[in-house]
Amino acid sequence: MKQKVKKIQVINGPNLNMLGKREPQIYGSLTLNQINTDLAQQAKPLGLELGFFQSNHEGEIVDKIHEIFNENIAGVIINPGAFTHTSIALRDALLLLSCPIVELHLSNIYKREAFRHKSMLADIVTGQITGFGHYGYQMALNAVANMINES
Ligand code: DQA
């Protein structure tokens, strides 16, 4: 029987569309497009299809999560940007999902300002990857792929 391709949704929050230009000493020099292209390449041999979504608007991200709640999504990789530290709405939306969720940060949020040490999502996601730059996205994809294979 032909196996259905599993879909992983990658979500990036506010200001991440400015990667490459935005504080490169913290977030690196790759653009979000470059990160996504590399990730899509990595996903192919894993038999996974990736969906990419970026928004600077909290409600749009909540709407996207509602949309994927109605689809058969196998995993979510989310860099919520600054909404990490503030958004109960994002937390509540992610609680709808039963698939593995990786919370990802390019920078190590625990080495930075105190207001970044608190994540509204940390205790409801599967796990957190923080501080490995763009490589964190690859780590997150591997983690989700492993979880899917083992389930
Ligand atoms: C970030 C860390 C957040 O504190 C910050 O607001 C971001 C990016 C990261 O990827 O390191 O926008 O999520």
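To keep things clear, this report deals only with the structure shown in the data block. Being a predicted model, the structure only gives us computed values, none of them experimental.

**Some remarks on the nonpolar core**
By size, the foremost hydrophobic cluster in this structure holds 23 residues, and its most contacted members are I8, L19, L48 and L141. Mapped by element, the contributors of at least two residues to this core are β1 (6–12), α2 (32–43), β2 (48–54), β3 (73–79), β4 (101–105) and α5 (135–150). Counting residues per element, this core draws most heavily on α5, which supplies six residues. If we ignore the near neighbours within four places in the chain, the residues touching I8 are L48, E49, L50, G51, A74, G75, V76, I77, L141, V144 and I148. Counting 17 residues, the second largest nonpolar core, distinct from the first, contains F83, L94, L97 and I101.

**With respect to α2**
Residues spaced three or four apart along an α-helix point in a common direction, a consequence of the helix completing one turn every 3.6 residues. For α2, which comprises twelve residues, the first-to-last C-alpha distance of 16 Å matches the rise-based estimate of 16 Å (1.5 Å per residue) to within 8%. Looking at α2, one finds that the buried residues are L32, I35, N36, L39, Q42 and A43. Within α2, the buried residues cover an arc of 120° as seen down the axis, which keeps them to one side. For α2, the elements touching its buried residues are β1, β2 and α5.

Basis of the calculations
- Residues numbered from 1 in each chain as written.
- Predicted model: local features only at pLDDT ≥ 70, side-chain atom pairs only at ≥ 80, totals over all residues.
- Heavy atoms only, no water.
- Core = buried A, V, L, I, M, F, W, Y, C linked by side-chain atoms within 4.5 Å.
- Buried < 20%, exposed > 50% of the residue type's maximum accessible area, 1.4 Å probe, protein only.
- Helix = DSSP H or I, 4+ residues; strand = E, 2+ residues; numbered from the N terminus.
- Contact = heavy atoms within 4.5 Å.
- Expected span 1.5 Å × (residues − 1).
- Arc of directions from axis to C-beta.

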